[in-house]
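Okay, here's what each chain looks like letter by letter:
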Amino acid sequence: PESTFDRLWMDDAVGAIVNQVESMGAAQNTIFIYTSDHGLINSGKTTLYDNGTRVPFLLRWDARVRPGRTYGHLTANIDLAPTLLD
């Protein structure tokens, strides 16, 4: 299981990157994407229960995506790189 320390460390690390890009004035033209996988195999990765199908995915794109918006669409991370390149 994820520890509070791990969560806080990741929040700080991502925040530092976002702050740096904002300080450079480049946030408006930057797509920030945060995603992960399911973690350890015994955590549900090989099942169709929530632990096996749900992964974090956050996107910030100031020029195109309204802050706070959520989507309920089924997606797959495997589509992410081809979609961005297209």
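Because the structure is predicted, anything quoted here is derived from the model rather than measured.

Reading the values: rules and limits
- Residues numbered from 1 in each chain as written.
- Predicted model: local features only at pLDDT ≥ 70, side-chain atom pairs only at ≥ 80, totals over all residues.
- Heavy atoms only, no water.
- Helix = DSSP H or I, 4+ residues; strand = E, 2+ residues; numbered from the N terminus.
- Buried < 20%, exposed > 50% of the residue type's maximum accessible area, 1.4 Å probe, protein only.
- Contact = heavy atoms within 4.5 Å.
- Expected span 1.5 Å × (residues − 1).
- Patch = residues over 30% accessible without salt bridge, like charges linked within 9 Å, V, L, I, M, F, W, Y side chains within 5 Å.
- Areas by Shrake-Rupley, 256 points an atom, 1.4 Å probe, with all protein chains shown as cover.
- Salt bridge = Lys/Arg side-chain N within 4 Å of Asp/Glu carboxyl O.

> Which parts of the structure should I look at to understand the overall build of the protein chain?
A tally of regular secondary structure across the protein chain gives 3 helices and 2 strands. Tracing the protein chain from N to C terminus, the helices and strands come up as α-β-α-β-α. By the burial criterion, 7% of the 86 residues in the protein chain qualify as buried. In the protein chain, the proportion of contacts linking residues at least 24 apart, taken out of those at least 6 apart, comes to 44%.

> In this structure, what is going on with helix α1 (residues 4–23)? I would like to understand it.
In an α-helix there are 3.6 residues to a turn, and that puts residues three or four apart on one side. The terminal C-alpha atoms of α1 lie 28 Å apart, and with 20 residues this matches the ideal 28 Å at 1.5 Å per residue to within 8%. Just beyond α1, the residue with positive phi is Gly 25, at close to 75°.

> Looking at this structure, how should I read a nonpolar patch on the surface?
On the surface, a cluster of nonpolar side chains totalling about 380 Å² of accessible area is made up of Ile 31, Ile 33, Phe 57, Leu 59 and Leu 84. Counting through the fold element by element, Leu 59 comes out in strand β2 (residues 57–60).

> Please clarify how the pattern of salt bridges should be interpreted in this entry.
Side-chain pairing between opposite charges can occur once the charged atoms of the two side chains come close. Per the stated rule, a full pass over the model turns up 2 salt bridges. A salt bridge links Arg 60 to Glu 22, with the shortest nitrogen-to-oxygen separation between them at 2.8 Å. Within this pair, whereas Arg 60 is found in strand β2, its partner Glu 22 is found in helix α1, the two being separated by 38 residues in sequence. The exposure class assigned to Arg 60 is partly exposed, which follows from its relative accessible area of 27%. Its relative accessible area of 38% is what places Glu 22 among the partly exposed residues. Put simply, Arg 60 and Asp 62 hold a salt bridge, and the shortest N to O gap is 3.0 Å. Through salt bridges with shared partners, a single ionic network connects Glu 22, Arg 60 and Asp 62.

> Mind showing me how you'd approach the environment of Phe 57 here?
Its location among the elements puts Phe 57 in strand β2. The exposure class assigned to Phe 57 is partly exposed, which follows from its relative accessible area of 36%. Discounting chain neighbours no more than four positions away, the residues touching Phe 57 are Ile 33, Tyr 34, Thr 35, Asn 77 and Leu 80.

Don't take any of this as a statement about function, it's just geometry.
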